Amino acid sequence: RNKIESSKPVRFPETFIWGVATSSYQIEGAIDEGGRGKTIWDNFCHQGIHISDNSTGDVACDHYHRMKEDVAMMKQLNIEAYRFSIAWSRILPNGTGGVNQAGVDFYNDLIDTLVGHGIEPWVTLYHWDLPEALQVKYGGWLDPRIVDVFAEYAQVCFLAFGDRVKNWITINEAWTVSVNGFSTGIHAPGHLSSTEPYQVGHHLLLAHSKAASIYKSFFQLRQKGRIGIANCGDFRYPRTDRPEDREAAERAMLFQFGWFTDPLLLGDYPPIMRQLLGDRLPSFTEDNRAELVNSTDFIGLNYYSSFLASKPAFKTADNSYWADMYVDFSGDAKWTTNDMGWYVVPDGLREMLLWISKRYRNPLLFITENGTAEKDDNLELVKQDERRRVFFESHLRACYDAIVQGVSLGGYFAWSLMDNFEWQFGYTRRFGLCSVNFQTMERTPKMSGQWYGATALANGANIDIENGGNKNWQH
Ligand code: GBH
């Protein structure tokens, strides 16, 4: 393995993109304004049983009314690119049919403000806030008709925004949509099923490839942009050297990242999934495959954590997604955890990047999310967040190591610009580079935000490569 000389200062490629990310439902609020239609997350939150602090995204960070201030804050932090998502129901309040001009105007204004500040817009078309009308009409992602409906929405966006948006991400974390939405039920629409996750996943992949093929056929030549997807991947180390644990780790990789990346880059689901799931896993037609393998200019990786994987002692009787995968997860005694209860494993990010690069023959990659959270009442950490700064420094160091080893990594998006609505945890977990006072809506860059801004400006030159982030940083 290529060891980096410890005396060499870190230099990311000149073209490396330093970004931050958010999503519409988590920050916008203003759910009844500007002609926005209801979404499955509005409904899910208002059922009053799913969100730990019983909150909703009704107001969130009130970004809808504070967009200019938020873009100015990014500029102040030297952010080069901003990954945000479009709320489908602001563009098409019923999911399909009539376009809502006020929604188009809002995103035009956001995009123009970004471009005016020299910040590149990176647009996610779907970050989980499905128009409720589509859930009612079709059962949402469960029905194959969603594929065409998504492609119609995507096309409206390419037409409206593609003159200025050069980077498109179709779906954020198809895995989380499928598993949290339809297997464990902790996300909207809250189903618990052993077959639905695979159907939903299938439709998400086909929706991605249809939208991407429309972009490539009718827009790419003129608009000169690129299109990809953001997949989540937690790295799995084998717990021991035993072959059955190595196999368990590989199986876990294929059941999460491989599920949504193999079809796009290799043309079908991972063979192990077919073998274990049989008919419960839908099949692609030849036409599907042809479209899938040409659909992706880059793969986004959302990385948060890693696990040790081992072969379970017993096979359980149920056939949920987790039983299908048939892997036990644990942690390494050396690993710390954050306030999400997730292991903090910067080396796992490097291993993840190397694994992807090897399996898929070095595709163009971006880290589309990476970050950490503390609890709302962890006041010391909320104010002076050295722990988050070290998290970013050590994970960026892992990115650098991967680049040195030949991985095509084009950029990094920190999750998240500011504290926001953290799904089932409501406002009790804070991922922001900037804090938000949810009473006054005042935003304040945290120490980690200042550090990230300085790092972006220095193109990574201030990263401590020797210790991977144990040094105190003074600003
Ligand atoms: C992202 O998803 C979201 O895109 C973003 O909206 C959200 O705010 C952010 O992360 C923070 O939560 O133990 O096998 O179940 C979450 C990504 C993927 C991280 C799955 C935890 C657990 C794997 N998650 N992973 S497992």
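Sequence positions are assigned chain by chain, starting from 1 and proceeding in written order. At least 70 in pLDDT is required for a residue's local features to be given in this predicted model, at least 80 for side-chain atom pairs to be given and counted, and no such filter applies to totals for whole chains, interfaces and linings, which use all residues. The basis for every side-chain value is the complete set of non-hydrogen atoms in the structure, without hydrogens or water.

In the annotation of an unreviewed UniProt entry, the entry for the protein chain reads beta-glucosidase, and the organism field reads Phaeodactylum tricornutum. UniProt positions are given in the numbering used here, feature names are shortened, and annotations may be inferred rather than shown by experiment. According to the UniProt record, the Sequence similarities (unreviewed entry) comment for the protein chain reads "Belongs to the glycosyl hydrolase 1 family." Checking UniProt for the protein chain, the heading Catalytic activity (unreviewed entry) contains the comment "Hydrolysis of terminal, non-reducing beta-D-glucosyl residues with release of beta-D-glucose."

A.B. asks: Sorry, what's going on with the packing of helix α16 (residues 386-404) against helix α17 (residues 447-457) here?
C.D. replies: To describe two helices that pack against each other, one gives the angle between their axes and the distance between the axes. Contact geometry for α16 and α17: axes closest at 7 Å, N-to-C directions at 30°. By the criterion of interaxial angle, the relationship of α16 to α17 is roughly parallel. Where α16 abuts α17, its residues E386, R388, R389, F392, E393 and L396 lie against M447, S448, W451, Y452 and T455. Here the axes come from fitting lines to C-alpha atoms, over the contacting stretch only for helices, and the angles between their N-to-C directions go from 0 to 180 degrees. A run of DSSP states H or I qualifies as a helix once it reaches four residues; a run of E qualifies as a strand once it reaches two. Both are numbered from the N-terminal end. Roughly parallel covers angles under 35 degrees, roughly antiparallel covers those over 145, roughly perpendicular covers 65 to 115, and oblique covers all other angles. The contact criterion used throughout is that any non-hydrogen atoms of two residues lie within 4.5 Å.

A.B. asks: Explain empty space enclosed by the protein here, please?
C.D. replies: Cavities and pockets were defined on a 1 Å grid built from protein atoms only: a cavity is a group of points that admits a 1.4 Å probe but offers it no way out, a pocket is an open group of points flanked by protein on both sides within 12 Å along at least five of seven lines, and a lining residue is one with an atom within 4 Å of any such point. Grid points are joined across faces, edges and corners, and a volume is the space filled by probe spheres set on the points. Enumeration according to the criterion identifies three cavities of 30 Å³ or more in this entry. Size it by volume and the largest cavity reaches roughly 80 Å³. In this structure, the largest cavity is lined by I40, W41, Y126, W128, W141, T176, V177, G181, F182, H187, A188 and P189. Those elements that place two or more of their residues in the lining of the largest cavity are α2 (40-46) and α8 (174-182). Under the grouping applied here, Gly and all other residues not named as nonpolar or charged are polar, the nonpolar ones being Ala, Val, Leu, Ile, Met, Phe, Trp, Tyr, Cys and Pro and the charged ones Asp, Glu, Lys and Arg. Across the lining of the largest cavity, the residue classes break down as nine nonpolar, three polar and no charged.

A.B. asks: What am I meant to see in the pairing of strand β8 (residues 306-310) here?
C.D. replies: Put simply, side chains in a regular strand alternate between the two faces of the sheet. Burial runs high along β8: four of the five residues are buried. Pairing of strand β6 (residues 235-238) with β8 involves four bridges; the strand directions are parallel. Each bridged residue has a counterpart across the sheet, and for F235 the counterpart in β8 is S306. Strand pairing follows a simple DSSP-based rule, namely that at least 2 bridges must link the two strands. As judged from the three bridges shared by β8 and strand β9 (residues 328-330), these two strands associate in the antiparallel manner. Counted as the bridge partner of S310 is D328 from β9. Buried residues are those whose accessible area, probed at 1.4 Å on protein chains only, stays under 20% of the maximum for their type, while exposed residues exceed 50% and partly exposed ones sit between those limits.

A.B. asks: Can you help me understand the confidence of the model for the protein chain in this one?
C.D. replies: Detailed reading of predicted coordinates is not advised where the pLDDT is low. Considering every residue of the protein chain, the mean pLDDT works out to 95; 95% of them sit at 70 or more. The pLDDT value expresses, per residue, how confident the predictor is, ranging between 0 and 100. Across residues 468-475 the pLDDT falls below 50, and counting only partners more than four positions away or on other chains, this stretch makes 23 contacts in the model.

A.B. asks: How should I be thinking about the UniProt feature "binding site: substrate" (unreviewed entry) in the protein chain in this particular structure?
C.D. replies: In the UniProt entry, the feature "binding site: substrate" (unreviewed entry) is given for Q26, H127, N172, Y304, W415, E422 and W423. Mapped onto the secondary structure, N172 falls in strand β4 (residues 167-172). Apart from residues lying up to four places away in sequence, N172 is in contact with R83, T124, Y126, H127, W128, V177, A230, N302 and E369. Reaching out from N172, the side chain makes a polar contact with the side chain of H127 at a distance of 3.0 Å. Examined against the element boundaries, W415 turns out to sit in strand β14 (residues 409-415). Residue class for W415 comes out buried when judged on its relative accessible area of 3%. Whenever two N or O atoms come within 3.5 Å, that pair is a polar contact, provided that in protein one can donate a hydrogen and the other can accept it, and provided that, for residues adjacent in sequence, both atoms are side-chain atoms.

A.B. asks: Explanation requested: the packing of aromatic side chains in the structure shown.
C.D. replies: Both the distance between ring centres and the angle between the ring planes are used here to describe each pair of aromatic rings. The pairing test for Phe, Tyr and Trp rings, Trp by its six-membered ring, is centres within 6.5 Å, and the orientation test on the planes gives stacked under 30 degrees, edge-to-face over 60, and tilted for anything in between. All told, the structure shown has 58 aromatic pairs when counted by the stated rule. With a centroid separation of 4.7 Å and 25° between ring planes, the pair formed by Y269 and F284 is classed as stacked. Here Y269, found in the loop between α10 (243-265) and α11 (271-277), pairs with F284, found in the loop between α11 and α12 (286-293); they are 15 residues apart in sequence, far enough to count as distant. Since its relative accessible area comes to 4%, Y269 is described here as buried. Chaining the aromatic ring pairs together yields one cluster made of F12, F16, W18, F391, F392, Y400, Y412 and Y452. Across from the ring centre of F106, 5.9 Å away, lies the NZ or CZ of R90, which sits over that ring. Sitting over the ring of Y326, K315 keeps its end group 4.2 Å from the ring centre. Ring-over charges, as used throughout, are those where CZ of Arg or NZ of Lys falls within 6 Å of the ring centre and within 35 degrees of the ring normal.

A.B. asks: Quick question: what am I supposed to make of the UniProt feature "active site" (unreviewed entry) in the protein chain here?
C.D. replies: When the UniProt feature table is mapped to this numbering, "active site" (unreviewed entry) covers E173 and E369. Sequence-wise these annotated residues cover 197 residues; spatially they are packed, their C-alpha atoms never more than 10.4 Å apart. Accessibility expressed as a relative area gives 7% for E173, which makes it buried. Setting aside its immediate chain neighbours within four residues, E173 contacts W128, A230, C232, N302, Y304 and E369.

A.B. asks: What is the right way to read the sheet that holds β6 from this model?
C.D. replies: Backbone-to-backbone hydrogen bonds join strands into a sheet, with any given pair of strands oriented parallel or antiparallel. If you walk across this open sheet you meet the three strands as β6-β8-β9, and the pairing is mixed. The open sheet has two edge strands, β6 and β9, and neither has a second partner. Pairwise comparison of adjacent strand axes, ignoring direction, gives a mean angle of 40° for this sheet. Docked against the sheet, α10 engages β6, β8 and β9, running at close to 170° with respect to β6. Packing of helix α14 (residues 346-359) onto the sheet brings it into contact with β6 and β8, and relative to β6 it is tilted by some 95°.

A.B. asks: How do you make sense of the site of the ligand when you look at a structure like this?
C.D. replies: To be near a molecule or strand, a residue needs just one of its heavy atoms within 4 Å of it. The full set close to the ligand counts 18 residues, and Q26, H127, E173, E422 and W423 are the nearest of them. A distance of 2.9 Å separates an oxygen atom of the ligand from a polar atom in the side chain of E173. Taken together, the residues of the shell around the ligand sort by class into nine nonpolar, four polar and five charged.

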